[in-house]
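Structural description and commentary
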Amino acid sequence: MKRRAAALLLCFLLAFQLSLPPARAADRVYFTAVGSYVLPLSDNTMPFWSGGYVYIASSIFTGAGRESLGISQVFNNDQSRLVLYSGGRSLTYTLSENCALDNDGAAYYPGAIQRNGTVFVPANTVSRYFDLVYSVIEVEHGSMVWLRQPGYSVSDKLFADAAQYSMNSVYADYIRAKETAPTEGGAPGGTVRPTVPAEVQDPAAGLDGKRVALCLKAGSNASAMADALAAYNAGAAFFFTPEEMERQGGTLRRLLAQGQSVGILVDAGRPDRTVTEQLEEGNAALYRAACGKTRLAYLPGGGAQALQAAEEAGFRCLQPDLNRSGYALQNASGAQELIRRLASWQGDASVWLGDAAGPAGLRSFLTAAREAGGVCAAYREVGLG
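Okay, so let's go over this structure. (Residues numbered from 1 in each chain as written. Predicted model: local features only at pLDDT ≥ 70, side-chain atom pairs only at ≥ 80, totals over all residues. Heavy atoms only, no water.)

1. A few points about the overall build of the chain
- In terms of regular secondary structure, the chain is built from twelve helices and 23 strands.
- When each of the 385 residues of the chain is scored for burial, the buried share is 48%.
- For the chain, contacts bridging at least 24 residues in sequence account for 63% of all contacts bridging at least 6.
- Total accessible area computed for the chain in this model is approximately 17600 Å², and 49% of it derives from carbon and sulfur atoms. (Helix = DSSP H or I, 4+ residues; strand = E, 2+ residues; numbered from the N terminus. Buried < 20%, exposed > 50% of the residue type's maximum accessible area, 1.4 Å probe, protein only. Contact = heavy atoms within 4.5 Å. Areas by Shrake-Rupley, 256 points an atom, 1.4 Å probe, with all protein chains shown as cover.)

2. Re the sheet that holds strand β4 (residues 53–57)
- The four strands lie next to each other as β3-β4-β11-β10, forming an open sheet whose pairing is antiparallel. Pairing within the sheet leaves two strands with one partner each, and these edge strands are β3 (48–50) and β10 (113–115). Averaged over all adjacent pairs, the angle separating strand axes in this sheet is 40°, with direction ignored. (Pairing = 2+ DSSP bridges. Axes fitted to C-alpha atoms, helices over the stretch in contact; angles between N-to-C directions.)

3. Quick word on the packing of helix α8 (residues 249–258) against helix α9 (residues 275–290)
- Direction vectors running N to C along α8 and α9 enclose 75°, while the axes themselves pass 9 Å from each other. By the angle class used here, α8 and α9 are roughly perpendicular. Contacts from Gly249, Leu252, Arg253 and Leu256 of α8 reach α9 at Leu286, Ala289 and Ala290.
- Each residue belonging to the contact of α8 with α9 can be placed in one class, and the counts come to five nonpolar, one polar and one charged. (Parallel < 35°, antiparallel > 145°, perpendicular 65-115°, else oblique. Nonpolar A, V, L, I, M, F, W, Y, C, P; charged D, E, K, R; others polar.)

4. Section: helix α6 (residues 222–231)
- For α6, the complete set of buried residues consists of Ala222, Met225, Ala226, Ala228 and Leu229. Looking down the long axis of α6, one finds its buried residues gathered within 160° of arc, a one-sided arrangement.
- Buried positions along α6 lie against β14 (211–217), β15 (236–240), α8 and α12 (359–371).
- Positive phi shows up at Asn233, right after α6, with a value of about 50°. (Arc of directions from axis to C-beta.)

5. Some details on the environment of Glu244
- Tracing the backbone shows Glu244 in helix α7 (residues 242–247).
- Taking the relative accessible area as the measure of exposure, Glu244 reaches 18% and is therefore buried.
- At 2.6 Å, the side chain of Glu244 and the side chain of Gln248 are in polar contact. (Polar contact = N/O pair within 3.5 Å; in protein donor to acceptor, adjacent residues only side chain to side chain.)

6. Considerations on the nonpolar core
- Membership of the largest hydrophobic core comes to 96 residues, with the highest contact counts inside it found for Phe31, Phe238 and Phe365.
- Setting aside its immediate chain neighbours within four residues, Phe31 contacts Val38, Leu41, Pro47, Val139, His141, Ser143, Met144, Val145, Met167, Val170 and Tyr171.
- If you look at the next biggest cluster of nonpolar residues, it comprises ten residues, including Ala213, Leu265, Trp352 and Tyr379. (Core = buried A, V, L, I, M, F, W, Y, C linked by side-chain atoms within 4.5 Å.)

7. Brief notes about the pairing of strand β13 (residues 142–148)
- Burial runs high along β13: seven of the seven residues are buried.
- Both strand β1 (residues 29–34) and β13 contribute to a ladder of six bridges, which runs parallel. For Tyr30, the partnering residue across the bridge sits in β13 and is Ser143.
- Counted along the chain from strand β12 (residues 133–139) to the antiparallel partner β13, the turn is two residues long.

8. Comments concerning helix α11 (residues 332–343)
- For α11, built from twelve residues, the straight-helix expectation of 16 Å at 1.5 Å per residue is met to within 8% by its first-to-last C-alpha distance of 16 Å.
- The complete set of buried residues in α11 reads Gly334, Ala335, Leu338, Ile339, Arg341, Leu342 and Ala343.
- The opening residue of α11, the one whose side-chain oxygen lies 3.2 Å from the backbone nitrogen of Ser333, is Asn331. (Expected span 1.5 Å × (residues − 1).)

Here's what the structure looks like:
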């Protein structure tokens, strides 16, 4: 029933997304969506990146956000303490500490950040602890952080397309509020320049020494992709399903000899194989092909329980900074768009390309990245290496 209702709402949003005139252009902003709702846009509650984590305002766990996500929040200003709770479970953030504590006193890093009177929490920690799913999706006016309960059967791109009408609406309200806000001299109006948090402002003109970890779904073109990387002395991570590892033993040996990373791609929703079973099968196939094993895994769409199962089995799970699987990297145009997106990113970045990249697009990107001063390094079990 939940999936059907979500699908009906998405169809409704798609039908009306073109009825709102486009808002005037401004700097990039970050939207917040919970479940099927796009929340109002405000400088004080806009998500931001810090230390490699995306932070969301704790105020989203009220009203429609609380009903959709099933999480409530209480903030004690005197004690500078925020509590998020759901179904007898809780995370307690003390603003002076760089961690949160659960019911049993276990610590979860990083801690909360307070800005302009609003407390922000890391989306990663909250999602994993309360068994939510979150995505950072590129959209027309910037990016959108989308939190939801497991079970949504739509992709990030489909949701973003369906939510375009709502995003245009809240963006128009945001711009109007900027236009009517008092200027420095006390009069309304003036140039509209949204205030984006420092971590996402002032993108560099180029990659300027940034390290980029390209992560690919290994398919039939894996060998051709390896050719492109070798020509540029570049690194990447290839994720194989256990079945692909069985079929592509020669490609596995070549990638490892070339210094590329190899990981296991897991379908957390498979009814016939658990996460742990797929990881074991992948490593068994890798050992037969190359006498080695990996501890690198990717579970796209996997919830907190799936990630916990993989980590308890000793694996490091990729959680990419950018998910570009819905954007083709097949030519120079796609390469330039990815360069532009990375140039606006703060610091190094891991990028999940899935199977959306082709050899020609990868070569174009590697050429552009070199010219922009970027370094393509392989994502390894210890992180971006």
